[in-house]
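Report on the structure
In case you want the letters, here they are:
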Amino acid sequence: MAIRRKREDGSIQVLDDETTDPTPETGEFHSELADDSGADLAAALPESLTVNVELPAPVHSAPEHEVAVAIDENTINPGEVVLSADPTTTTISVVAEDVTIHPEEPVVEPKVIPELPTADRQYSRRDRLRGETSNAPETAAMLTADRLLETKGKRRHAPEGGWPAFVYAASLHTINLGDSQKVRERKAVEARIDKQWEGSARFVPVLTRKGGVGKTTITTIMGMAFADAREDRIVAIDANPDRGTLAERINKQTRATVRDVVTRAPSINGFTDFSTLVSRDETRLDVLASDTDPLLSEAFDENDYNVVADLTERYYSLVLTDCGTGIVHSVMRATLQRADSIVIVSGGSVDEARLASETLTWLEANGYGDLVRNAIVALNTATQGTNLIKLEEIEAHFRSRVREIVRIPYDPQLAAGSVVNYRELRPITRNAARELAALVADGLPVRRNA
């Protein structure tokens, strides 16, 4: 039997013409052709036939993008993991094209704003005139017209004082020597009186245990000095539980009293309503009178005073209180609880000075020691017996207990006990009133609890 293979061109190729038996080891069968009789090939084949065909190795044609990254030396079978005893590391450098490098944004540190320094005390215009500098922020009150406006030529104010005013007038306003020494001192005191503070009104009671030493007179001239030098509102309250005479020291413009303020308090909605209950003098000092009926005035108690004080605190910057002689009266307790500073009035006699000192002792014994140390003693030298007393000794005594002492000189207008015209007071009396007001203002706190 012959095995033939058909070529692609259709011709027949004879492969083997020998007949062989199947190999027992492999079971392969080699056909053995006896003749070219053309017997049926199927009949000559055994029932079990194994044909081994060796095919050429497949050729894989990889795309260009795979060839670029192929590693021919290391054939990797995905289904086989080969652990190498001597592992190696291959480094591949990758260069990226058209890579934009953005610069790092700078780190912005938060701004640290340092705190402004705090002042130990309030910087005033007087300090600036003396050449002192402020170690803390100035208040708005320091921006005054005399500081900011140009003083050259016509803008400079006419000088005050005898000789400077004469030279200024004789030179047809071309020579300005400035204010005289006395005028400068007066303006410096007025600048102290015009001290600014924060918050609500400040309360200053005027008191002593003895009547007839001039509490009402001291309250009047001190209030006029404050109102004349300041631009805000000043009020003086007559809180005498007996018949008070404070309203009689100015030209009365109303018959209203503290009792009317208490009864009309719910209907008072502004300063216009309140101003109809007070009298105002030429210095712009407002005075609230006490009741003229002793029976009604005795009924004016602590609660009534608190109502009046709450209303005046809304509309005024400074509240002066003319207290009576009853130091244990309930009104006195309410007055001292609101007080920021006090003024003790003493006469020039032995018993008047002793009672004033006992007033300080009572205050210290009842928990008002701070008020005593900050107090001002007004020594009224217009009382009887002053010319027989060593005033220096009285001042030395009080100086050991209070902050300062001021002498109030005799003045005929004050001695008359009638309406006080501040402009017509003797210059020495006005100077004493201004000094008293300045000392009181020096002791008033700029801030509450300061």
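Higher on the page you've got the structure.
Residues numbered from 1 in each chain as written. Predicted model: local features only at pLDDT ≥ 70, side-chain atom pairs only at ≥ 80, totals over all residues. Heavy atoms only, no water.

1. A look at the packing of helix α6 (residues 181-193) against helix α17 (residues 427-443)
To characterise two packed helices, one gives the angle between the axes of the helices and the distance between these axes. Direction vectors running N to C along α6 and α17 enclose 40°, while the axes themselves pass 8 Å from each other. As summarised for this structure, α6 and α17 are arranged oblique, according to the angle between their axes. Remark: the crossing between α6 and α17 carries left-handed chirality. Packed against α6, whose contacting residues are Arg186, Val189, Glu190, Arg192 and Ile193, the element α17 presents Arg434, Glu435, Ala437, Ala438, Leu439, Ala441 and Asp442 at the interface. Its residues assigned to classes, the contact of α6 with α17 shows six nonpolar, no polar and six charged. (Axes fitted to C-alpha atoms, helices over the stretch in contact; angles between N-to-C directions. Helix = DSSP H or I, 4+ residues; strand = E, 2+ residues; numbered from the N terminus. Parallel < 35°, antiparallel > 145°, perpendicular 65-115°, else oblique. Left-handed = near helix turned anticlockwise from the far one by under 90°. Contact = heavy atoms within 4.5 Å. Nonpolar A, V, L, I, M, F, W, Y, C, P; charged D, E, K, R; others polar.)

2. Examining helix α5 (residues 162-170)
Within α5, the full set of buried residues consists of Pro164, Val167 and Tyr168. Seen along its axis, α5 keeps its buried residues to an arc of 100°; they face one direction. For α5, exposure combined with an orientation more than 90 degrees from the buried face picks out Gly162, Trp163, Phe166 and Ala170. Just beyond α5, the residue with positive phi is Leu172, at close to 55°. (Buried < 20%, exposed > 50% of the residue type's maximum accessible area, 1.4 Å probe, protein only. Arc of directions from axis to C-beta.)

3. Digging into unusual backbone geometry
Phi is mostly negative for residues that are not glycine, and the peptide bonds are mostly trans. Non-glycine residue Arg284 carries a positive phi angle of around 75°. Within the secondary structure, Arg284 is located in the loop between β5 (279-280) and β6 (285-288). Given the relative accessible area of 29%, Arg284 is considered partly exposed.

4. Details of the sheet that holds strand β9 (residues 376-380)
Taken together, eight strands build an open sheet; the order of strands is β5-β6-β4-β7-β3-β8-β9-β10 and the sheet is mixed. A single partner strand is all that each edge strand has here, and the edge strands are β5 and β10 (404-408). As defined by bridge partners, strand β8 (residues 343-346) adjoins β9 across four bridges and the pair is classed as parallel. Looking across to β9, one finds that Ser346 is bridged to Leu379. Sitting on the sheet, helix α11 (residues 302-315) touches β3 (202-207), β4 (234-238), β6 and β7 (318-322), and the angle it makes with β3 is about 135°. (Pairing = 2+ DSSP bridges.)

5. What about the pattern of salt bridges?
Evaluation of the coordinates by the stated rule reveals 19 salt bridges. One salt bridge in this structure joins Arg186 and Glu190, with 3.1 Å as the shortest N-O distance. A residue pair is termed a helical-turn pair when its members lie 3 or 4 positions apart in one helix, as Arg186 and Glu190 do in helix α6 at four residues. A relative accessible area of 23% places Arg186 in the partly exposed class. Residue classification places Glu190 among the buried positions, given a relative accessible area of 18%. What emerges from the salt-bridge pattern is a single network uniting Glu160, Asp179, Arg186, Lys187 and Glu190. (Salt bridge = Lys/Arg side-chain N within 4 Å of Asp/Glu carboxyl O.)

6. Section: the nonpolar core
Residues Met222, Phe226 and Leu436 are the most contacted members of the largest nonpolar core, which totals 43 residues. Residues within four places of Leu436 in sequence aside, it is in contact with Ile218, Met222, Ile376, Ala378, Val406 and Ile408. Counting 26 residues, the second largest nonpolar core, distinct from the first, contains Phe203, Phe271, Ala309 and Leu311. (Core = buried A, V, L, I, M, F, W, Y, C linked by side-chain atoms within 4.5 Å.)

7. Topic: the packing of aromatic side chains
Taken as a whole, this structure holds four aromatic pairs when the rule is applied. Consider the rings of Phe271 and Tyr316, whose centres lie 5.8 Å apart with planes at 70°: the pair is edge-to-face. Within this pair, whereas Phe271 is found in helix α9 (residues 271-275), its partner Tyr316 is found in the loop between α11 and β7, the two being separated by 45 residues in sequence. Overall, the relative accessible area of 4% leaves Tyr316 in the buried class. Consider the rings of Phe274 and Tyr315, whose centres lie 5.8 Å apart with planes at 45°: the pair is tilted. Here Tyr315 lies in helix α11 and Phe274 lies in helix α9, a separation of 41 residues in the sequence. (Phe/Tyr/Trp six-rings, centres within 6.5 Å; stacked < 30°, edge-to-face > 60°.)

8. Things to note about the environment of Leu363
Counting through the fold element by element, Leu363 comes out in helix α13 (residues 350-365). Beyond its immediate stretch of four places on either side in the chain, Leu363 contacts Leu336, Ile342, Ile344, Tyr368, Gly369 and Val372.

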